[in-house]
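Chain and residue survey
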Amino acid sequence: MKTYIVGNWKLNFTVGEASIYLHKLLKALPNYRDIEVVVAPSTIALQPLSLQVDRHKIKLAAQNAFYRDYGAFTGETSFSQLRGIADYTIVGHSERRYIFGENDKMIEKKVAAAIRNKITPILCVGETESERSFGETADVIRDQVIGGLTDVADDDLDKVVIAYEPVWAISSTKAAKLATPDEIAEVVALIRKTLADTYGKEVAEKVPVLFGGSVNPSNAGAYLTVPGVNGLLVGGSSLILSEFTDIIEVAKRVRS
Ligand code: PEP
């Protein structure tokens, strides 16, 4: 399986800044066969960047889109409009869940809409600090995984990526803490068990599971060697080109 390094730029960079960053990243990167490098710019930058990107080196992800293909949904962009432009899409990021009120029902529809439009969903799951402190982590993760995949046919499960992002470890969270490799290993194993119980062991092994939460060049190696982790979802550190390329270098070293 490839190693995924996904940069989530969130609400940062103008279209011009995003284009300059992509230009520099393309120049800095060789064509790594075994590392899938993905960047997720704001929706407005996706179309121009899709004309600039070399997809042998880098893929593009949307950060969000709406599950209906067209209609009276003021302000929304559909996955059908992003078809052929975005290769991946983040779905169910904790900022969408907790700032914009997205629930598992909406996330389930977004995952299905992405697949319908040939865009690979990166389904984010993760418990909050208080859920962890009340011992609810396993239930939350199970519900988010099963809920998010409800509309996915068994045959399409190999078109899904899952990212474990404990909300308390995300750098924008107040007093974010670093997740330990053991904490991550436990939840990643639970994600695979949930997939295996629902869809069978063989399919469960094929789904890439990423980790995200304050990843930087110094901790990337430790996180990439956690059993069951197939890549990283990087927020803050992906905004600094040298840090993002260093993380990709670490991935290359760890995997070779
Ligand atoms: C994220 O928000 O997806 C994320 C992982 O952010 P950060 O790396 O900044 O914690």
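As a convention, each chain's residues are numbered from 1 in the sequence order in which they are written. In view of the model being predicted, local features appear only for residues whose pLDDT reaches at least 70, and side-chain atom pairs are presented and counted only at 80 or more, with totals across whole chains, interfaces and linings using the full set of residues. For the side-chain quantities, the full set of heavy atoms in the structure was used; hydrogens and water were omitted.

Here's the deal with the overall build of the chain
Regarding its fold elements, the chain presents eleven helices and eight strands. Taken against the 2.2 N^0.38 rule, which gives 18 Å for 256 residues, the C-alpha radius of gyration of the chain at 17 Å falls within 12% of a compact globule. Reported as C-alpha extents along the three principal axes, the dimensions of the chain are approximately 45 × 45 × 40 Å. For every residue, the accessible area (1.4 Å probe, protein chains only) is compared with the maximum for its type, and the residue is labelled buried under 20%, exposed over 50%, or partly exposed between those bounds. For the chain, the proportion of its 256 residues judged to be buried stands at 52%. Segments assigned H or I by DSSP are reported as helices when at least four residues long, segments assigned E as strands when at least two residues long, and all are numbered from the N terminus. Radius of gyration here uses only the C-alpha atoms, and the compact-globule reference equals 2.2 Å multiplied by the residue count raised to the power 0.38.

Regarding the pairing of strand β8 (residues 231-234)
Here β8 shows two buried faces, one formed by Gly 231 and Leu 233 and the other by Leu 232 and Val 234. For strand β1 (residues 3-8) and β8, the ladder comprises four bridges, and the chain directions are parallel. Along β8, the bridge assignment pairs Gly 7 with Val 234. Being paired, for any two strands, means DSSP has found at least two bridges between them. Direction of pairing for strand β7 (residues 209-212) relative to β8: parallel, over a ladder of three bridges. The residue bridging Leu 210 from the neighbouring strand is Gly 231, located in β8.

Some words on the packing of helix α7 (residues 137-148) against helix α8 (residues 181-199)
A fitted line through C-alpha atoms serves as each axis, taken over the contacting stretch for helices, and the angle formed by two N-to-C directions is quoted from 0 to 180°. Between α7 and α8, the shortest axis-to-axis distance is 10 Å and the interhelical angle comes to 45°. By the angle class used here, α7 and α8 are oblique. For the crossing formed where α7 meets α8, the hand is right-handed. Seen from α7, the contacting residues are Thr 137, Ala 138, Ile 141, Arg 142, Val 145 and Ile 146; seen from α8, they are Val 187, Leu 190, Ile 191, Thr 194, Leu 195 and Thr 198. Here the word oblique covers every angle except those under 35 degrees (roughly parallel), over 145 (roughly antiparallel) and from 65 to 115 (roughly perpendicular). For any helix crossing, the convention is left-handed if the near helix is rotated counterclockwise from the far helix by under a right angle, and right-handed if that rotation is clockwise. It only takes one pair of heavy atoms within 4.5 Å for two residues to be counted as in contact.

Notes on the site of the ligand
Whether a residue is near a molecule or strand depends on its heavy atoms: if one lies within 4 Å, it is near. Lining the immediate surroundings of the ligand are 15 residues, of which Lys 10, His 93, Ser 171, Ser 214 and Gly 236 lie closest. Two N or O atoms form a polar contact when they lie within 3.5 Å of each other; inside protein one atom must be a possible hydrogen donor and the other a possible acceptor, and for residues adjacent in sequence the pair counts only when both atoms belong to side chains. Separating an oxygen atom of the ligand from a side-chain N or O atom of His 93 is a distance of 2.7 Å. Only the protein chains shown count as covering a residue, and every accessible area follows the Shrake-Rupley method with a 1.4 Å probe. Calculation on the ligand without its partners gives an accessible area of 290 Å², and the protein chains cover 99% of this total. For this classification, the nonpolar set comprises Ala, Val, Leu, Ile, Met, Phe, Trp, Tyr, Cys and Pro, the charged set comprises Asp, Glu, Lys and Arg, and every other residue, Gly included, is treated as polar. Here the shell around the ligand is composed, by residue class, of four nonpolar, eight polar and three charged.

Details of the sheet that holds β8
Reading around the barrel, the eight strands line up as β1-β2-β3-β4-β5-β6-β7-β8 and close back on themselves, with parallel pairing between neighbours. Here the average twist between neighbouring strands, direction ignored, is 25°. Contacting β5 (120-125) and β6 (161-164), α7 runs over the sheet at an angle of about 160° to β5. The strands touched by helix α11 (residues 241-255) within the sheet are β1, β2 (35-40) and β8, with β1 carrying the most contacts at an inclination of about 170°.

Focus on the packing of aromatic side chains
For this analysis, a ring pair means two rings from Phe, Tyr or Trp (six-membered ring only for Trp) whose centres lie within 6.5 Å, classed as stacked if their planes differ by under 30 degrees, edge-to-face if by over 60, and tilted for the remaining angles. Applying the stated criterion across every chain, the model contains eight aromatic pairs. Note on Phe 66 and Phe 73: the rings are 4.9 Å apart at their centroids and 50° apart in plane angle, and the pair reads as tilted. Overall, the relative accessible area of 29% leaves Phe 73 in the partly exposed class. Ring-pair connections join several aromatic residues into one group, and the members of that group are Trp 9, Phe 13 and Tyr 21. We count a charge as sitting over a ring when the NZ of a lysine or the CZ of an arginine lies within 6 Å of the ring centre and within 35 degrees of the ring normal. The ring of Phe 100 has Arg 96 lying over it, and the distance from NZ or CZ to the ring centre is 4.3 Å.

Some points on the nonpolar core
We call a set of buried residues a nonpolar core when its members are Ala, Val, Leu, Ile, Met, Phe, Trp, Tyr or Cys and they connect through side-chain atoms within 4.5 Å of each other. Residues Leu 149, Ile 191, Leu 195 and Leu 232 are the most contacted members of the largest nonpolar core, which totals 70 residues. The dominant element in this core, judged by the number of residues it contributes, is α8, at seven residues. Ignoring any residue separated from it by four or fewer positions in sequence, one finds Leu 149 in contact with Val 111, Leu 123, Leu 157, Val 160, Ile 162, Leu 195 and Tyr 199. If you look at the next biggest cluster of nonpolar residues, it comprises 13 residues, including Val 6, Ile 122, Cys 124 and Val 161.

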